[in-house]
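Here is how the chains run, residue by residue.
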Amino acid sequence: VFIPCTMSPLATDFVRGLGATDLHFGLLGGIPMMMVACQFAGAFLSGSLTRRKSWFMIMLIGGRLLYLPAVLLPGLFPGVSREAWVPVFIGCVALHMAMMHFATPLWFSWMGDLIPARILNRYWAERHRYLQLTWAVSFMVVAAVTYLGDGIPSGVLFPIVATVGVVAGVVDIVLFRWIDEPANVRTGARHPFELLMEPLRHHNYRSFVLFTCAFSAATLFAAAFMQIYVLKVMLVPRWQANLMWCGIGLGSYFVARFWGRLADRHGHRPILLI
């Protein structure tokens, strides 16, 4: 619910209304993606903590709350030039992504200790399946709200939708308070560079990293401008653009369980080759 409410084409139209240029949209797409480097810091920290839950919750809740100043400040201070809020929005989104990426290895480490290995892929596929179904339904709801509020500018409509998303996002993390956390297996005080380079000593892993980087560079270069292209060049209405993005969730929902079962039965390598 958090992602469709805060990162939909309605959000793109909101930033566009602030006077964002194509350069700003490039920065908005690129800078948050660079924050994936924060995963290295989170991964290193996860090996030295006895408990990961509190760090995960603080980072995710704090990061998601950053969307509130990003979307509410332009309306609360109408006397300030709207263009001045564009870097504020980009900065809040970038900081949110940095905190999210920092917490991601902590969360995967924690969940990996809870889920039995024999059903790991089926469990992950089922979780992904319902996550994507919720994604699709949420995008449909955002599309419906946008359609019904066709005459309402994004500068008014998006802050309302985003606030709902932030509330849902914070509640999501609060619910983890009741999930058990086994004691963490600490990796000791090894040097961060040594830990970072160790997987790269394996030829197959290096090949996989090279492929992933090439694939990501090819797709994400265009992805940064996809929503603004749909709205600005194709002139697709906001509600129809939201319906387009719900298709990602529907596609994943119908196939995730199938791939999870295959991975449990035959391993990851054949699935990656396919």
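Provided above is the structure to which this section pertains.
Residues numbered from 1 in each chain as written. Predicted model: local features only at pLDDT ≥ 70, side-chain atom pairs only at ≥ 80, totals over all residues. Heavy atoms only, no water.

1. What to know about the overall build of the protein chain
(1) Moving on: Looking only at helices and strands, the protein chain features 14 helices and 0 strands.
(2) Moving on: Its C-alpha atoms give the protein chain a radius of gyration of 20 Å, within 12% of the compact-globule value 19 Å for 274 residues.
(3) Moving on: A principal-axis box enclosing the C-alpha atoms of the protein chain has dimensions of 55 × 40 × 40 Å.
(4) Moving on: Here the protein chain holds 274 residues, and 36% of them are scored as buried.
(5) Moving on: For the protein chain, the accessible area works out to roughly 15500 Å², and carbon and sulfur atoms hold 72% of it.
(6) Moving on: If you average the places of the 21 positive and of the 12 negative side-chain charges in the protein chain, the two averages end up 6 Å apart. (Helix = DSSP H or I, 4+ residues; strand = E, 2+ residues; numbered from the N terminus. Rg over C-alpha atoms; globule rule 2.2 N^0.38 Å. Buried < 20%, exposed > 50% of the residue type's maximum accessible area, 1.4 Å probe, protein only. Areas by Shrake-Rupley, 256 points an atom, 1.4 Å probe, with all protein chains shown as cover. Lys, Arg positive; Asp, Glu negative; His and termini not counted. Charge placed at Lys NZ, Arg CZ, Asp CG, Glu CD.)

2. Overview of helix H5 (residues 53-65)
(1) Moving on: Between its first and last C-alpha, H5 extends 18 Å over 13 residues, near the 18 Å set by a 1.5 Å rise per residue.
(2) Moving on: Residues of H5 that are buried include every one of Lys53, Phe56, Met57, Met59, Leu60, Gly63 and Arg64, and no others.
(3) Moving on: Looking at the packing, one finds that the buried side of H5 touches helix H1 (2-6), helix H6 (67-76), helix H7 (85-114) and helix H9 (154-174). (Expected span 1.5 Å × (residues − 1). Contact = heavy atoms within 4.5 Å.)

3. Focus on the pattern of salt bridges
(1) Moving on: Enumeration according to the criterion identifies 8 salt bridges in this entry.
(2) Moving on: For Glu126, the salt bridge is made with Arg129, and the minimal N-O distance between the two is 3.4 Å. Remark: Arg129 and Glu126 occur in helix H8 (residues 120-148); sequence separation between them is 3 residues, near one turn of the helix.
(3) Moving on: The class of Arg129 is buried, set by a relative accessible area of 12%.
(4) Moving on: A single network of salt bridges, built from pairs that share partners, joins Arg52, Asp113 and Glu181. (Salt bridge = Lys/Arg side-chain N within 4 Å of Asp/Glu carboxyl O.)

4. Quick notes on the environment of Met244
(1) Moving on: Within the fold, Met244 resides in helix H13 (residues 238-266).
(2) Moving on: Judged by its relative accessible area of 41%, Met244 is partly exposed.
(3) Moving on: In the structure, Met244 is positioned 19 residues away from Phe225 in sequence and 15 Å away in space, judged by C-alpha atoms.
(4) Moving on: Residues within four places of Met244 in sequence aside, it is in contact with Val230 and Val236.

5. As for the packing of helix H2 (residues 9-17) against H13
(1) Moving on: With their axes 8 Å apart at the nearest point, H2 and H13 run at an angle of 135° to one another. On the basis of the axis angle, H2 is oblique to H13. Two secondary-structure elements touch here, H2 through Pro9, Leu10 and Asp13 and H13 through Arg238, Ala241, Asn242 and Trp245.
(2) Moving on: The residue makeup of the contact of H2 with H13, split by class, is 4 nonpolar, 1 polar and 2 charged. (Axes fitted to C-alpha atoms, helices over the stretch in contact; angles between N-to-C directions. Parallel < 35°, antiparallel > 145°, perpendicular 65-115°, else oblique. Nonpolar A, V, L, I, M, F, W, Y, C, P; charged D, E, K, R; others polar.)

6. Re the packing of aromatic side chains
(1) Moving on: Under the criterion given, the structure shown has 19 aromatic pairs.
(2) Moving on: Seen in terms of ring centroids, Trp55 and Phe102 are 6.1 Å apart; in terms of plane orientation they differ by 40°. Their pairing is tilted. In this pair, Trp55 is assigned in helix H5 and Phe102 in helix H7, connecting sequence segments 47 residues apart.
(3) Moving on: Residue class for Trp55 comes out partly exposed when judged on its relative accessible area of 35%. (Phe/Tyr/Trp six-rings, centres within 6.5 Å; stacked < 30°, edge-to-face > 60°.)

7. What to know about H13
(1) Moving on: In a regular helix each residue adds 1.5 Å, so 29 residues correspond to 42 Å; H13 covers 43 Å between its end C-alpha atoms and thus fits that length.
(2) Moving on: At Val255, H13 shows its maximal kink, close to 40°.
(3) Moving on: For H13, the full list of buried residues reads Arg238, Ala241, Asn242, Trp245, Cys246, Gly249, Ser252, Tyr253, Ala256, Gly260, Leu262 and Ala263.
(4) Moving on: On its buried side, H13 packs onto H2, H8, H9, helix H12 (226-233) and helix H14 (268-273).
(5) Moving on: Immediately downstream of H13, the backbone of Gly267 shows phi near 95°, a positive value. (Bend = angle between axes of the 7 residues up to and from the residue.)

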